[in-house]
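Observations on the model geometry
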Amino acid sequence: YFCRHGERWELQLKGSGRTPYSRNGDGRAVLRSSVREFLCSEAMHYLGIPTSRAASLVVSDDDVWRDQFYNGNIKKERGAIVLRLAKSWFRIGSLEILTNSGELDLLRRLLDFIIQEHFPSIAMNDSNRYLEFFSTVVSETANLIALWMSVGFAHGVCNTDNFSLLSITIDYGPFGFMDSYDPNFVPNTSDDERRYKIGNQASVGLFNLSKLLKALKPLLDPRQKQLASQILEGYGEHYYSRFTELFKTKLGLLGENENDNYLIAFLLKVSLLC
């Protein structure tokens, strides 16, 4: 933990080598991707989008072998290590793995820790605290993805391990900004199925939240499960409302007009044709 002005941040190294969670990877990072993460995470912060931050970047003496374009052409590149910070690195996948392995006592303990540390508005003695937690994550995830769309940001790997429980942008692997509007824009050259194209980000967010609900269900009673399903159904309305609000602000539209949404859609279509 790193404390500044009463705030507590968790530190994480990217590219420092193998860990117990490296699977078959080497745990290293190349200089080009490290620079991109450093610059983009800081840019996202100053754009007002919740994100991890970059504290430092150190060039490594290690040689790292990478197939940059996934075409079989492996090259030696300079390694680097990024020290990145976030209020928490817990992800949807952090809970999924415990439910899937049947470690429900640990799941409950971890959830209580996350709520106590990062969701101060939720009372720990509230029997509905897991439901309140889920409701907050649903609405804040919708807000985050709407913010991504408002600046044309595409996260290249939107799986549950890359979706923060605090609804911040994390894990800048493949990513990109659209030069012009294109719902089929894909920043990840290995995403042959276009699963994570920018036009799918809101839907992928819903899919990941459904996985979060599945992970939480063993801790919910029948009434809470029903309410949680209703909360999840409201995700689309949360997202659409925030998306519309952000684009109306960009266009300087005041008040409410039934043609606002038509105008936004029309201008995006015009951008696509250009």
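Residues numbered from 1 in each chain as written. Predicted model: local features only at pLDDT ≥ 70, side-chain atom pairs only at ≥ 80, totals over all residues. Heavy atoms only, no water.

Thoughts on the domain arrangement of the chain
Examined at the domain level, the chain breaks down into domain 1 (10-86) and domain 2 (92-251). Between the C-alpha centres of domain 1 and domain 2 the distance comes to 23 Å. Each side of the interface is counted separately: domain 1 has 17 residues, and domain 2 has 17 residues. Summed over the shared surface of domain 1 and domain 2, the number is one salt bridge. Residue Arg84 pairs with Asp171 through a salt bridge whose shortest N-O separation is 3.3 Å. Here domain 1 is connected to domain 2 by seven residue pairs in polar contact (both at pLDDT 80 or more). For the side of domain 1 that touches domain 2, the elements supplying multiple residues, two or more each, are strand S2 (7-14), helix H1 (31-46) and strand S5 (75-86). Among the elements that make up the side of domain 1 that touches domain 2, the one with the highest residue count is H1 (five residues). Its residues assigned to classes, the side of domain 1 that touches domain 2 shows seven nonpolar, five polar and five charged. (Domains from an automatic or database assignment. Contact = heavy atoms within 4.5 Å. Salt bridge = Lys/Arg side-chain N within 4 Å of Asp/Glu carboxyl O. Polar contact = N/O pair within 3.5 Å; in protein donor to acceptor, adjacent residues only side chain to side chain. Helix = DSSP H or I, 4+ residues; strand = E, 2+ residues; numbered from the N terminus. Nonpolar A, V, L, I, M, F, W, Y, C, P; charged D, E, K, R; others polar.)

Remarks on the nonpolar core
Ranked by internal contacts, the top residues of the largest apolar core, which has 54 residues, are Leu95, Phe133, Trp148 and Leu212. In terms of residue count, helix H4 (residues 129-150) provides more of this core than any other element does, 13 residues in total. (Core = buried A, V, L, I, M, F, W, Y, C linked by side-chain atoms within 4.5 Å. Buried < 20%, exposed > 50% of the residue type's maximum accessible area, 1.4 Å probe, protein only.)

Structural notes on the pattern of salt bridges
Under the definition given, this model contains 16 salt bridges. The shortest N-O distance in the salt bridge between Glu77 and Arg32 comes to 2.7 Å. In this pair, Glu77 sits in strand S5 while Arg32 sits in helix H1, placing the two residues 45 residues apart along the sequence.

Notes on the state of the cysteines
Inspection of the entire model under this criterion finds zero disulfides. Among the cysteines around Cys158, which has no disulfide bond, Cys40 carries the closest sulfur, lying 13 Å off. Cys158 gets classed as buried once you look at its relative accessible area, which sits at 2%. (Disulfide = S-S within 2.5 Å.)

Topic: the packing of aromatic side chains
This model, assessed by the stated rule, comprises 11 aromatic pairs. Aromatic rings pair up to connect Trp148, Phe153, Phe163, Tyr172, Phe175 and Phe177 into one cluster. Looking at Arg36, its charged tip hangs above the ring of Phe175, at a distance of 4.1 Å from the centre. Sitting over the face of the ring of Trp9, Lys87 holds its NZ or CZ atom 5.0 Å from the ring centroid. (Phe/Tyr/Trp six-rings, centres within 6.5 Å; stacked < 30°, edge-to-face > 60°. Lys NZ or Arg CZ within 6 Å of the ring centre and 35° of its normal.)

So, H1
Helical periodicity: at 3.6 residues per turn, an α-helix aligns residues three or four positions apart in one direction. End to end, H1 covers 23 Å across 16 residues, agreeing with the expected 22 Å (1.5 Å per residue, within 8%). When H1 is considered as a whole, its buried residues turn out to be Ser34, Glu37, Cys40, Ser41, Glu42 and Met44. After H1 finishes, the residue Gly48 shows a positive phi value of roughly 85 degrees. (Expected span 1.5 Å × (residues − 1).)

Observations concerning unusual backbone geometry
Although it is not a glycine, Asp171 adopts a positive phi angle of roughly 60 degrees. Position of Asp171 relative to the elements: it lies in the loop between strand S6 (153-155) and strand S7 (175-177). At Arg194, a position not held by glycine, the phi torsion is positive, near 55 degrees. Along the chain, the position of Arg194 falls in the loop between S7 and helix H5 (201-216). On the basis of relative accessible area, Arg194 is assigned to the partly exposed category, the value being 42%.

Here we look at the side chain of Arg91
By the secondary structure assignment, Arg91 is in the loop between S5 and helix H2 (92-100). Owing to a relative accessible area of 13%, Arg91 belongs among the buried residues under this scheme. Side-chain polar atoms of Arg91 contact the backbone oxygen of Trp89, separated by 2.9 Å. At a separation of 2.5 Å, a polar atom in the side chain of Arg91 contacts the main-chain carbonyl oxygen of Asp161. Residue contacts for Arg91: discarding those within four places in its chain leaves Gln12, Thr160, Asp161, Asn162, Phe163, Ser164, Leu165, Ile170 and Asp171.

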